Amino acid sequence: MSDEAAREEDRQLLERAQEGDVSAFEALVDAHRDRVYGLALRMTRSEADAAEITQDTFLSAYQHLKDFRGDAAFGSWVHRIAANHALMRLRHRRVAQAAEQELQGPEFTERGSLAEYPLSDWSRDAEEKALDAELGTAIQQATDQLPQGYREVFLLKDVDGLSYEQISEVTGDSIPAIKSRLHRARLALREAIDDFYNRDSRGA
Amino acid sequence: MKRDGALGIFEKDEGAPQPAEVRMYNCKDSINLLLEFLEGNMSPEEAQHLKEHLRGCSPCVDFLRTYKATSGLCKKALAAKMPKEVSEKLTEYLRNKIKSTS
């Protein structure tokens, strides 16, 4: 089903759900639960937390169903609710946050040129390699190692597709700060993938 | 010469006369500006300086390609599906909650 057709189906289900049709709401849950669960799991790294966040998210959505006017897609709305729940949970964990270290990016010479050349250009077979479980693990580990503020922004923007404005609403950070973190996170992850490819090409 | 239209660079002005005093960007400047460049949020002047650098810098073009590919690759790698038993619990939980609130 195309994105447009899926949105239209959501809209129709939403109307029925707002009129009290519980089966229509359940169909909306079925359509969006994996994305919500995925977001929660990526943000919290806990299956138990992700399951609870998914429950809380859809319960909140149900309780506020009549307030939702359909200005945004149902998927975006429920995504924002999930991101808020996940962030609240992270804050409540009271885990001592390590100081956010400088993220690793490319190395430059004194004149500002890239120090290491030739670079691996793995962009062309990236799609194919995405199915590689080992690469998936490397990406997961690299994402886990990002400082929390950077990881949140990267996941919300690049993986979950929220806009800068939505991320700002969720995190309370300014858009320039969000962009800066996103860029640093992408550089660090690019570096990690690059390491993987270089190691792979060396047969290590 | 049109080297890489897909990246939105090298599309025009190849060989065009340069202003007398153009501050040339180096790799570090270019990489710091990649996000704004890819989102089309740079001033025309900055974008022009960046394109000038990219025209003559293969490492930066390779870097730009892999930077662009990073998001999609991570998105695929980090996709998660809810386990069946968790999904069943979710349905049961919501049904009970909805029943108790209606």
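What counts and what doesn't
- Residues numbered from 1 in each chain as written.
- Chains lettered and ligands numbered in written order.
- Predicted model: local features only at pLDDT ≥ 70, side-chain atom pairs only at ≥ 80, totals over all residues.
- Heavy atoms only, no water.
- UniProt positions renumbered as here; feature names shortened; annotations may be inferred.
- Helix = DSSP H or I, 4+ residues; strand = E, 2+ residues; numbered from the N terminus.
- Buried < 20%, exposed > 50% of the residue type's maximum accessible area, 1.4 Å probe, protein only.
- Contact = heavy atoms within 4.5 Å.
- Areas by Shrake-Rupley, 256 points an atom, 1.4 Å probe, with all protein chains shown as cover.
- pLDDT = per-residue confidence, 0-100.
- Buried area = accessible area lost by both parts, 1.4 Å probe.
- Salt bridge = Lys/Arg side-chain N within 4 Å of Asp/Glu carboxyl O.
- Polar contact = N/O pair within 3.5 Å; in protein donor to acceptor, adjacent residues only side chain to side chain.
- Nonpolar A, V, L, I, M, F, W, Y, C, P; charged D, E, K, R; others polar.
- Expected span 1.5 Å × (residues − 1).
- Arc of directions from axis to C-beta.

As annotated in an unreviewed UniProt entry, chain A carries the name Sigma-70 family RNA polymerase sigma factor and is attributed to Pyxidicoccus parkwayensis. The record in UniProt for chain A states the following under Sequence similarities (unreviewed entry): "Belongs to the sigma-70 factor family. ECF subfamily."

Colleague: Could you clarify how one ought to interpret the overall build of chain B in this entry?
Modeller: Looking only at helices and strands, chain B features five helices and zero strands. Each helix and strand of chain B, ordered N terminal to C terminal, gives the series α-α-α-α-α. A total of 102 residues make up chain B; the buried ones form 43% of that total. Across chain B, every contact between residues at least 6 apart in sequence was considered, and the portion connecting residues at least 24 apart equals 63%. When the accessible area of chain B is evaluated, it comes to approximately 5,800 Å², of which 49% is carbon and sulfur surface.

Colleague: Sorry if this is basic, but what is going on with the confidence of the model for chain A here?
Modeller: When pLDDT drops low, the exact placement of atoms in the prediction is not to be read closely. Residue and element names in this part refer to chain A. Confidence in the prediction for chain A averages 83 pLDDT; 85% of positions are at 70 or higher. Mean pLDDT across the secondary structure elements of chain A bottoms out at helix 5 (residues 126-129), with 60, and peaks at helix 3 (residues 47-63), with 93. Contacts for the low-pLDDT stretch residues 94-99, under 50 throughout, to residues beyond four places or in other chains number one contact.

Colleague: Explain the interface of chain A and chain B here, please?
Modeller: One widely used convention gives an interface's size as the accessible area the parts lose upon coming together. The partner chain B presents 43 residues to the 52 residues of chain A that form the contact. For the pair chain A and chain B, the two sides together bury roughly 4,300 Å², of which 69% comes from carbon and sulfur. Among the residues of chain A in contact with chain B, A:Gln55, A:His183 and A:Arg186 are the three that bury the most area, contributing 13% of the side total. On the surface where chain A and chain B come into contact, there are three salt bridges. A:Glu26 is paired through a salt bridge with B:Arg95; the nearest N and O atoms lie 2.6 Å apart. In this assembly, chain A and chain B are joined by 13 residue pairs in polar contact (both at pLDDT 80 or more). For the side of chain A that touches chain B, the elements supplying multiple residues, two or more each, are helix 2 (22-44), helix 3, helix 5, helix 6 (133-145), helix 7 (148-159) and helix 9 (175-201) of chain A. The leading source of residues in the side of chain A that touches chain B is helix 2 of chain A, at ten residues. Class assignment for the residues of the side of chain A that touches chain B results in 27 nonpolar, eleven polar and 14 charged.

Colleague: Looking at this structure, I do not really get the confidence of the model for chain B. What am I missing?
Modeller: Residue and element names in this part refer to chain B. Per-residue pLDDT for chain B averages 79, and the proportion of residues at 70 or more is 76%. Helix 2 (residues 34-38) holds the highest mean pLDDT among the elements of chain B, 93, whereas helix 5 (residues 84-101) holds the lowest, 86. Confidence drops under a pLDDT of 50 for residues 1-20, and excluding neighbours within four residues, the segment shows 31 contacts in the predicted structure. Reported confidences for the modelled complex are a pTM of 0.69 and an ipTM of 0.70.

Colleague: How do you make sense of helix 5 of chain B when you look at a structure like this?
Modeller: Residues spaced three or four apart along an α-helix point in a common direction, a consequence of the helix completing one turn every 3.6 residues. Here helix 5 of chain B contains 18 residues, and its C-alpha end-to-end distance of 26 Å stays within 8% of the 26 Å for a straight helix at 1.5 Å per residue. Buried within helix 5 of chain B we find B:Val86, B:Ser87, B:Leu90, B:Leu94 and B:Ile98. One side of helix 5 of chain B carries all its buried residues, which in axial view fall inside an arc of 100 degrees. Within helix 5 of chain B, the exposed residues directed more than 90 degrees away from the buried face are B:Lys84, B:Glu85, B:Lys89, B:Glu92, B:Lys99 and B:Ser100. Looking at the packing, one finds that the buried side of helix 5 of chain B touches helix 2 and helix 3 of chain A.

Colleague: Please explain unusual backbone geometry as it appears in this structure.
Modeller: Note on backbone geometry: most residues besides glycine have negative phi, and most peptide bonds are trans. Although it is not a glycine, A:Arg45 sits at a positive phi angle of roughly 60 degrees. Mapping A:Arg45 onto the fold places it in the loop between helix 2 and helix 3.

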